[in-house]
Amino acid sequence: MSFVQATDLTRTFDLSDPFIVRAISRTPKRILTAVDKVSFSIEKGTTYALVGESGSGKSTIAKMAVGLLKPTDGSLLVDGMNLNDPKLAKEETLALRRRIQMVFQSPYASLNPRWKVKDILCEPIKAFKLIENPKAQIDRVHELLEQVGLASSDANKFPHEFSGGQRQRISIARALSSEPEIIVCDEPTSALDVSVQAQVLNLLKSLQKEYALTYLFITHDLAVVSTMANKIGVLNQGKLVEEQTPEVLFSEPKNSYTKMLLNAAPKINF
Amino acid sequence: MEENLLEVRNISVTFKSRYGVLKALDNLSLNVKKGEILGLVGESGAGKSMTGAAILGLIDPPGRLSSGEIYFKGKSISNAPEAVRGHEISMIFQDPLMSLNPLRKIGDQLVETILTHMNISKSEAIKRAKNGLKEVGIDPSRLNSYPHTFSGGMRQRVVIALALAPEPSLIIADEPTTALDVSVQAQILDLLKKLCKDRGTSIILVTHDMGVIAETTDRVGVLYAGRLAEIGDTRDVLTDPKHPYTRGLVDSTPRIDSNSFKKSLFQIPGSMPKLDAMPSGCAFHPRCEFATEICRKKIPQILLDRSACWLLNDGEL
């Protein structure tokens, strides 16, 4: 069994009008299937990338992976356990949640502007009761900041004092603070400039080596994927249309949608 | 092709603030030839959008064009950009939802634009609007639809039709495809390229995406901290960069080829300086691995019509 195992993962959203309106205008229910029977598996310490355009369901899968959304059908197992398993005790669910963290797309929207960096980084530590001693908590914050390439003196600053790339480093430090094994990265660099994107991607890679992290990497950018992923899944309208290693996917794509995506991606090569 | 449609000569845009006078654009010069697509590339804060705004006289106070001249078809427009704005030079903005009025039908918006800039009858204008929509691949019967009934790519097509309606000779496209998916982006760029080649319209394409630059533009200018770092034929600039910043940008762009799988990307250390903390001399020198004494002291001018870098003086790089 793989470390992360998604089996027939499905999520639907009900977009229907209210019941009364439907009864009067005699319209049926409208159900949107955002994710349709998606199955994939991720080995420990590797990166699995989900690629697709807007509306393909990639962010819905990311949210289900961290437990922000419940799957309508199917399951997502991490180390053999299911976040939504009603039989799991509360403590066990909490312990499982600690092992899965997320880095969001916009570093501007995902950090509380009224909190200092040390409070942002301390919250997961306090929530999971990892370190009780306040002095030791601050030491851990300094350690985290240095790991992501920031100075320990940055702990007393507010998010607005940082650039986009530095903020994304803070997001990564926050994700690391609960000592997770899986990090779900939802378009972590699409709001950043290319030179900063390179810095953040390289940071994610070196952290993966150091802590044997497993990444579920969500992006629309095929070029970013080619430098990050061990395996790539291409999503189109909620369905997984192709799954391959980057070497095979980029040299001989099988699915017509994958081919179209590869052709459309702007290339710098002459 | 040789005739310069637009000449921007040594323009500076300054903002007065409590930290003193900040230079958003510093002594920038560039030319646009007839029928060519000039790309402007750089990271956020480099001054790409500011260049477009300066040409059209759209700089919001407290910013102002403090020095330099802009010539369009040989005449100075720096003091009266209204004469050409919208008619001779039109603009395409990044977000197609923001640049269309949500309360008015797209047909009305097209007709209004045409009537404002051309001296023709209303029925003639409607006919032109229909033709315009047909050209960008939208069914002319959608003239009576509201913007919200279109998808993002369709809306950007409408915006292109709007920009082309007064038959301008220059279009400034400010990140026209940044908000769109790659497949739609490819369609929109192809469309823009085709329509402009057919009419001989020039384009200034502002973007941060090196891939878009490589696939779309004839020439490219690389901006850094409000100054032009390098300019030249796109192919030359991207395959043989003369400025260390351009080289860094090209190398840090992830590529789809078999050599790049699982490899680390090249990274430029540090980040772009803030306007109130501009380094002396070449603005790039604190991040440049080749920086020498002169780079810290004197601002380099564009050398050999190509790159603002002192290294070109010694024939290195």
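Residues numbered from 1 in each chain as written. Chains lettered and ligands numbered in written order. Predicted model: local features only at pLDDT ≥ 70, side-chain atom pairs only at ≥ 80, totals over all residues.

Enquirer: Now, about the overall build of chain A: what can you tell me, with residues and values included?
Expert: Assigned secondary structure in chain A consists of 10 helices and 10 strands. The principal-axis extent of the C-alpha atoms belonging to chain A is close to 60 × 55 × 40 Å. Relative to its 270 residues, chain A shows a buried fraction of 41%. Within chain A, counting contacts between residues at least 6 apart in sequence, those at least 24 apart form 68% of the total. (Helix = DSSP H or I, 4+ residues; strand = E, 2+ residues; numbered from the N terminus. Buried ≥ 20, exposed ≤ 12 C-beta atoms within 10 Å, placed from the backbone. Contact = placed C-beta atoms within 7 Å.)

Enquirer: Could you give an account of the packing of helix 10 (residues 256–264) of chain A against helix 5 (residues 182–199) of chain B, with specific residues and numbers?
Expert: Between helix 10 of chain A and helix 5 of chain B, the shortest axis-to-axis distance is 8 Å and the interhelical angle comes to 50°. Comparing their axes, helix 5 of chain B and helix 10 of chain A come out oblique. Handedness of the helix 10 of chain A/helix 5 of chain B crossing: left-handed. Here A:Met260, A:Leu261 and A:Ala264 of helix 10 of chain A lie close against helix 5 of chain B, whose contacting residues are B:Val182, B:Ser183, B:Gln185 and B:Ala186. In the contact of helix 10 of chain A with helix 5 of chain B, the residues fall into 5 nonpolar, 2 polar and no charged. (Axes fitted to C-alpha atoms, helices over the stretch in contact; angles between N-to-C directions. Parallel < 35°, antiparallel > 145°, perpendicular 65-115°, else oblique. Left-handed = near helix turned anticlockwise from the far one by under 90°. Nonpolar A, V, L, I, M, F, W, Y, C, P; charged D, E, K, R; others polar.)

Enquirer: Can you break down the domain arrangement of chain B residue by residue, with the values?
Expert: Residues and elements named next belong to chain B. Splitting chain B by domain gives domain 1 (4–88 + 168–314) and domain 2 (99–167). Centre-to-centre, using C-alpha coordinates, domain 1 lies 30 Å away from domain 2. Taken together, the contact between domain 1 and domain 2 spans 13 residues of the former and 13 residues of the latter. Top element by residues in the side of domain 1 that touches domain 2 is helix 5. It accounts for 6 residues. When its residues are assigned to classes, the side of domain 1 that touches domain 2 shows 10 nonpolar, 3 polar and no charged. (Domains from an automatic or database assignment.)

Enquirer: Provide a residue-level description of the sheet that holds strand 10 (residues 227–233) of chain B, including the pertinent values.
Expert: All names here are of chain B. Sheet architecture is open: 6 strands sit in the order 6-7-8-3-9-10, paired in mixed fashion. Either end of the sheet is taken by a strand with one partner, and the two such strands are strand 6 (89–92) and strand 10. The average undirected angle you get between the axes of adjacent strands in this sheet is 15°. Here strand 6 runs beside strand 7 (residues 170–174); their pairing, made up of 4 bridges, is parallel. In the strand pairing of strand 7, Ile 89 is matched with Leu 170. Across the face of the sheet, helix 1 (residues 48–56) comes into contact with strand 3 (37–41), strand 6, strand 7, strand 8 (202–207) and strand 9 (219–224) while running at roughly 145° to strand 7. Contacts from helix 4 (residues 152–164) reach strand 6 and strand 7 within the one sheet, and its direction differs from that of strand 6 by about 170°. (Pairing = 2+ DSSP bridges.)

Enquirer: Explain the sheet that holds strand 1 (residues 4–17) of chain B to me, using residue names and the numbers behind them.
Expert: All names here are of chain B. The strand order across the open sheet formed by 4 strands is 2-1-4-5, and the pairing between neighbours is antiparallel. At either margin of the open sheet sits one strand with a lone partner, and together these are strand 2 (20–33) and strand 5 (75–76). In the sheet, strand 1 pairs with strand 2 via 10 bridges, with the strands oriented antiparallel. By the bridge assignment for strand 2, Phe 15 is matched with Leu 22. In this fold helix 1 packs onto strand 1, strand 2 and strand 4 (63–72), with an angle of close to 75° to the strand it touches most, strand 2.

Enquirer: I'd like a description of the environment of A:Asn84, backed by residues and values.
Expert: Residue and element names in this part refer to chain A. Within the fold, Asn 84 resides in the loop between strand 5 (81–82) and helix 3 (90–98). By C-beta crowding, Asn 84 is classed as partly exposed, having 13 other C-beta atoms within 10 Å. Apart from the residues lying within four places of it in its own chain, the contact partners of Asn 84 are Lys 70 and Pro 71.

Enquirer: Residue-level account of helix 4 of chain B, with values.
Expert: Residues and elements named next belong to chain B. Along its 13 residues, helix 4 runs 18 Å from first to last C-alpha, staying within 8% of the 18 Å computed at 1.5 Å per residue. Counting buried residues along helix 4, 10 of its 13 residues qualify, which places the element largely inside the surrounding structure. All buried positions along helix 4 are accounted for by Arg 155, Gln 156, Arg 157, Val 158, Val 159, Ile 160, Ala 161, Leu 162, Ala 163 and Leu 164. Packing partners of the buried residues in helix 4 comprise strand 6, helix 2 (106–117), helix 3 (122–135), strand 7 and helix 5. (Expected span 1.5 Å × (residues − 1).)

Enquirer: Now, about unusual backbone geometry: what can you tell me, with residues and values included?
Expert: Omega for the bond connecting B:Pro61 with B:Pro62 falls within 30 degrees of zero, at 10°, which places this linkage in the cis form. Within the element layout of this structure, B:Pro62 appears in the loop between helix 1 and strand 4. Positioned with a positive phi, A:Gln237 is a non-glycine residue whose angle comes to about 50°.

Enquirer: I'd like a rundown of the interface of chain A and chain B, residues and numbers included.
Expert: Each side of the interface is counted separately: chain A has 32 residues, and chain B has 37 residues. Those elements that place two or more of their residues in the side of chain A that touches chain B are helix 7 (194–211), helix 8 (222–228), helix 9 (246–251) and helix 10 of chain A.

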